[in-house]
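What the coordinates show
This is what each chain is made of:
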Amino acid sequence: MERAAIIGIGQTKYEKEKDGIFAELVYEATSRALDDAGMKIKDIDNVVTISNDFWDGRTISCMAVADAAGCHGKDASTVECDGAFGAFYGLMRVLSGYNTTLVVAHSKVSEGNPRIISNAAFDPIYERSLGLDAISSSALQARAYMKRFGITEEQCALVSVKNHKNARNNPYTQLPLDITVEDVMKSPKLADPIKLLDTSPITDGACAVIFAVEGEAKKWAKKPIWVKGVAHCTDAYRLGERDLTYSTALESAARKAYQMAGIANPSHEIDIAEVYDAFSYMELMWYEALGFCGKGDGGKLIESGKTQMGGELPVNPSGGVLSAHSVLVAGLARIAEAALQLRGEAGKRQVPGAKVALAHGINGVCAQQHCVWILASEK
Amino acid sequence: MARRTAIVGIGQTHHCAKRDDVNGQELINEAVMSALEDANLTIKDIDAIVIGNMDHFEAINYVDGWSVDGSGAFMKPIMKLTTGGTSGMTIATAGYYHIASGFFDVVLAIGWERNSESDTTAAITTCCQPLIERDFFAGAIGPLAAEYTNYMKRFGATEEDAALVSVRDHNNALNNPYAHLRMKITVEDVMKSPMLCYPIKLLDMCPRSDGACALIYACEGKAEKIAPKPAWVHAIAGSRDFVYMGEPFQREEMFTLERASERAYKRAGITNPLKEIDVMELYLPASTTGVKWMESLWVCGRGEAPNLIRKGVFNMDGELPINPSGGPLATNPIGATAMIRVGEAALQVMGKAGDRQVPNVKTALATAFGSCSWSDVTILRDTKP
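The written sequence of each chain sets the order in which its residues are numbered from 1. Chain A is the first chain written and ligand 1 is the first ligand written, with later ones labelled in order. The predicted nature of this model means local features are confined to residues of pLDDT at least 70 and side-chain atom pairs, given and counted, to a pLDDT of 80 or more, with totals for whole chains, interfaces and linings taken over all residues.

So, on to the overall build of chain A. Helix and strand counts for chain A come out as 15 helices and 11 strands. Whether a residue is buried, exposed or partly exposed is read from the other C-beta atoms within 10 Å of its own C-beta, which are placed from the backbone; 20 or more gives buried, 12 or fewer gives exposed, and intermediate counts give partly exposed. A buried classification covers 64% of the 379 residues belonging to chain A. Numbering of helices and strands runs from the N terminus; a helix is a DSSP stretch of H or I covering at least four residues, while a strand is a stretch of E covering at least two.

Shown next as structure tokens:
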């Protein structure tokens, strides 16, 4: 297979109730990615936008951002999944004959009602009327996970403390906080065992990433960040048909991505990871399925400090999704942040000497689907 | 460089106005099982799945996850794509790129819709800018009506020319057991049917259907083993226009179809489409587009389409048969409609189109139309690229 690289990155600041319509957010992220790469829109030969008709409150939601993403006259497509999945499609297109793909995702979560929108992902006949939504279903998952492996609420809270602290080094994120485990434990309960500070915020923002094939990648301003492996996988739909306590779908996606990248020992060979921590407990579960620790050892891993800044494998130096959760954008932002780390351009959140990075996106109820990316600074 | 890729299996449901007997996952599963059977494969042979529809017609969010029981995606990669009317080809195209890029070998693409669950026009209207356009944009018919009125004035085309397209496609559908509307009609029937938005009458406009379509793509090396005569992808191209309705529909030409077909012809090495293409399956949302858009496919000069239509050039026994399946005027499960175009083109290339088969098809073209007058084009052949 031919090689491809990330050559341009652009993010808006992630904020609550951001000014500007969808197109303005997309234009800002796209322009920044083009400037970053030293490109003009005419240098882009195809575009993948990422949007969701429910979150945008309009049908054919890609129409709203097509002009702003520079689609006019171009071959363009739209993925209606988290940005990590959309980016995978963008990568496929550059490996199939296009030179450059612009991938851009946007979301204004503040304009909709996340509880109703996430409720619409459940079975309309049997499940919706129960009132299940992103928070209540995740609470079921958190409880099941904690019960099976003896994970404590305090261990989950440590994730929140770590990520909000990391966010203080990231000028783009929404919630840089100096909090303690006690603050998390005392924050208002949303759905047992999930409390306000275990949850990601409502965030508006956009992110754009430009991919190029090897021959093209070296022509542009920035050092290319190489894609070493990508894979995605989905679990069963209904919560009752899944093992909610352990993500076999993530394990499968990770195994495939590691195989492509030639990674045998992820916790030693990966220098930094950006994972999709929509809730604090999720980061612990993802540690396990990504092979950063043994099954059920997520709580011990966070306690060991290994995933903190300065630890052996810092996870979410950006502050993660707990600090800014622009739905659909968040997975693409993980890729963008991982690439910035490998360029050595992550500013105050830089992990020194990072050479191999992992980025992770999720999609669907209780992370039914997972997408895992391995990026590297060297070919 | 892209790997060579072919379509090796085609499945579709029997399309109709309302499928009360199945739920969404079951509808999807019908198309999937039929495609697997066509290719003599099982779900174990499928490496990845792509799926799509238009959310607001069924009001189900995250369809990629919800559909797993019907699509067979359990513990497989699946992603959802959607671009409005073009969705079916957007998804089919994604199936192609999954393989062409080298990541997967055998991929299942699924397009589906249950329009009976929605108020189609109300849902489509929400595609418009909420402050400036939404209040007065009344669905898909108005812009198409304005486009043809303009065309009639410029070139002396008539309402009867459009009616001829409607008669052709509806009567072709009599040969297609999967078609939703299978009725023998005359130009007089079309002219007498209720006016929807001048000059488009009821029989000039596509219906709304329930249905699903599934295609199986395979890489070179596997495709030849799966299908005796795979339909090889020679070109895929798409083009987008501006997103405010006033811009694309005021153009004299069908800008995106011109750009997309031009690009596709170049990739497939076609210089004279009328002579070099044996059959076309076109996404014609209204009969009027079957007149005006022919010139945007470069099969004739500006204003020459009415004459070719009157001469029957695009009839089943003509030089370039169009829509042997009956096209969208006969069948329109929106998220599947454009994929059915690709599937029908593949059936023609593979010689499996039954009573609607055009003899000796070597090259077939399919198009998609949707969103703000956006177009996609796929060209298939019976030989490797």
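Before going further, it helps to spend a moment on the overall build of chain B. Scanning chain B for helices and strands turns up 17 helices and 11 strands. Radius of gyration means the value over C-alpha atoms here, while the globule rule gives 2.2 Å times the residue count to the 0.38 power. Rg of the C-alpha trace for chain B: 19 Å, near the compact-globule value of 21 Å for 385 residues, within the 12% margin. Dimensions of chain B, computed from the C-alpha atoms along their principal axes, are close to 55 × 45 × 40 Å. Placing C-beta atoms from the backbone, we regard two residues as in contact once those atoms come within 7 Å. Of the contacts formed within chain B by residues at least 6 apart in sequence, a portion of 78% connects residues at least 24 apart.

The subject of this paragraph is the interface of chain B and chain A. Across the boundary between the two partners, chain B contributes 49 residues, which contact 45 residues of chain A. Looking at the side of chain B that touches chain A, the elements with two or more residues in it are α2 (55-58), α3 (63-66), α4 (68-71), β3 (78-80), α5 (87-100), α6 (120-125) and β8 (231-239) of chain B.

This next bit is on the sheet that holds strand β2 (residues 48-52) of chain B. Residues and elements named next belong to chain B. Between any two strands, at least two bridges found by DSSP are needed for them to pair. In space, the nine strands of this open sheet follow the order β3-β2-β4-β7-β1-β8-β11-β10-β9, with mixed pairing throughout. Edge positions in the open sheet fall to β3 and β9 (279-281), since each of these has one partner strand only. Ignoring which end each strand starts from, the neighbouring axes of this sheet average 25° apart. Direction of pairing for strand β4 (residues 106-114) relative to strand β7 (residues 210-219): antiparallel, over a ladder of nine bridges. In this analysis, axes come from line fits to C-alpha atoms, helices being fitted only over the stretch in contact, and the angle between any two N-to-C directions falls in the range 0 to 180 degrees.

A few words on unusual backbone geometry. Omega for the bond connecting A:D192 with A:P193 falls within 30 degrees of zero, at 5°, which places this linkage in the cis form. Position of A:P193 relative to the elements: it lies in the loop between β5 (189-191) and β6 (194-195). In this chain, B:Y198 is followed by B:P199 through a cis amide linkage whose omega measures 5°. Looking at the secondary structure, you find B:P199 in the loop between β5 (195-197) and β6 (200-201). Within the chain, B:N40 stands out as a residue other than glycine whose phi angle is a positive 55°. For B:W298, which is not glycine, the phi torsion reads 65° and is therefore positive. As for its placement among the helices and strands, B:W298 is situated in the loop between α14 (289-296) and α15 (305-311). Overall, B:W298 belongs to the partly exposed group, with 17 C-beta atoms counted inside 10 Å.

Right, let's get into the pairing of strand β1 (residues 5-12) of chain B. All names here are of chain B. Judged by how many residues are buried, β1 sits mostly within the fold: eight of eight residues are covered. Two elements, β1 and β7, share seven bridges in a ladder whose sense is antiparallel. The residue of β7 that forms the bridge with Q12 is C213. Strand direction decides the pairing type here: β1 and β8, joined by two bridges, are antiparallel. Looking across to β8, one finds that A6 is bridged to W232.

Interface size is commonly expressed as the accessible surface area that is lost when the partners come together. Residue and element names in this part refer to chain B. By convention here, the domain bounds are inherited from an automatic or database domain assignment. When the domains of chain B are assigned, the result is domain 1 (5-120 + 209-226) and domain 2 (128-206 + 233-381). With centres defined by C-alpha atoms, the gap from domain 1 to domain 2 works out at 23 Å. Counting residues per element, the ones that place at least two in the side of domain 1 that touches domain 2 are β1, α5, β4 and β7. With eight residues, α5 is the largest single contributor of residues to the side of domain 1 that touches domain 2. In this classification, Asp, Glu, Lys and Arg are treated as charged, Ala, Val, Leu, Ile, Met, Phe, Trp, Tyr, Cys and Pro as nonpolar, and every other residue, Gly included, as polar. Grouping the constituent residues of the side of domain 1 that touches domain 2 by class yields 16 nonpolar, 18 polar and two charged.

A few words now on helix α8 (residues 159-173) of chain B. Residue and element names in this part refer to chain B. With 15 residues, α8 extends 21 Å from end C-alpha to end C-alpha; this agrees with the ideal 21 Å at 1.5 Å per step. Of all the 15 residues making up α8, 12 are buried; the element is thus mostly covered by neighbouring parts of the structure. When α8 is considered as a whole, its buried residues turn out to be D161, A162, A163, L164, V165, S166, V167, R168, D169, H170, N172 and A173. In this fold, the buried residues of α8 make contact with α7 (141-155), α9 (187-192), α14, α15 and α16 (327-330). In a helix, the anticipated span is given by 1.5 Å times the number of residues less one.

Attention now goes to the sheet that holds strand β3 (residues 75-79) of chain A. Residues and elements named next belong to chain A. The strand order β3-β2-β4-β7-β1-β8-β11-β10-β9 describes an open sheet built from nine strands, whose pairing is mixed. Both outer strands of the open sheet, β3 and β9 (272-274), are each paired with one neighbouring strand and no more. With direction set aside, neighbouring strand axes in the sheet form an average angle of 25°. When strand β10 (residues 356-363) meets strand β11 (residues 369-376), the two strands line up antiparallel, connected through eight bridges. The residue of β11 that forms the bridge with I362 is H370.

As for its placement among the helices and strands, B:V107 is situated in strand β4. Separated by 60 residues in sequence, B:V107 and B:D47 place their C-alpha atoms 5.7 Å apart.

Given 3.6 residues to a turn, an α-helix orients residues that are three or four positions apart in the same direction. Residue and element names in this part refer to chain B. For α14, the tally of buried residues reaches eight of eight residues, placing the bulk of the element in the interior. The complete set of buried residues in α14 reads T289, G290, V291, K292, W293, M294, E295 and S296. Of the surrounding secondary structure, the elements contacted by the buried residues of α14 are α7, α8, α12 (255-268) and α15. The first or second residue beyond α14 is W298, which carries a positive phi of 65°.

Moving on to the nonpolar core. Residues enter a nonpolar core if they are buried, belong to Ala, Val, Leu, Ile, Met, Phe, Trp, Tyr or Cys, and are joined to the set through C-beta atoms within 7 Å. Ranked by internal contacts, the top residues of the largest apolar core, which has 282 residues, are A:V209, A:L332, A:L375, B:A109, B:I110 and B:L215. The biggest single contributor to this core is helix α17 (residues 334-350) of chain B, with 11 residues. Other than its neighbours up to four places away in sequence, B:L215 contacts B:I7, B:G9, B:I10, B:A35, B:A92, B:G95, B:A109, B:M339, B:V342 and B:G343.

Before going further, it helps to examine the pairing of β4(B). All names here are of chain B. A large share of β4 lies buried, amounting to nine of its nine residues. The alternating pattern of β4 places V106, L108, I110, W112 and R114 and V107, A109, G111 and E113 on opposite faces, both of which are buried. For β2 and β4, the ladder comprises five bridges, and the chain directions are parallel. Bridged to A48 within β4 is V107.

pLDDT expresses how confident the predictor is about each individual residue, on a scale running from 0 to 100. Overall, the predicted model of chain B reaches an average pLDDT of 95, with 99% of residues at or above 70. Prediction confidence for the complex, expressed as pTM and ipTM, is 0.98 and 0.97 respectively.

All names here are of chain B. One way to put it is that α5 packs onto α17 with a least axis distance of 5 Å and a crossing angle of 55°. By the criterion of interaxial angle, the relationship of α5 to α17 is oblique. Here S87, G88, M89, I91 and A92 of α5 lie close against α17, whose contacting residues are G335, A336, T337, A338, M339, I340, R341 and V342. Here the residues of the contact of α5 with α17 sort into eight nonpolar, four polar and one charged. Any angle between 65 and 115 degrees counts as roughly perpendicular, while under 35 counts as roughly parallel, over 145 as roughly antiparallel, and the rest as oblique.

All names here are of chain A. Here helix α7 (residues 153-167) crosses helix α12 (residues 280-289) at 100°, and the two axes come no closer than 7 Å. The orientation of α7 relative to α12 falls into the category roughly perpendicular. For the pair α7 and α12, contact is made by Q155, C156, A157, V159 and S160 and by S280, Y281, E283 and L284, respectively. Along the lines of polarity and charge, the residues of the contact of α7 with α12 split into five nonpolar, three polar and one charged.

The next subject is the environment of A:R115. All names here are of chain A. Summarising the element assignment, R115 is placed in helix α5 (residues 114-119). Residue class for R115 comes out partly exposed when judged on the 13 C-beta atoms lying within 10 Å of it. Along the backbone, R115 and G131 are 16 residues apart, and their C-alpha atoms lie at a distance of 8.8 Å.

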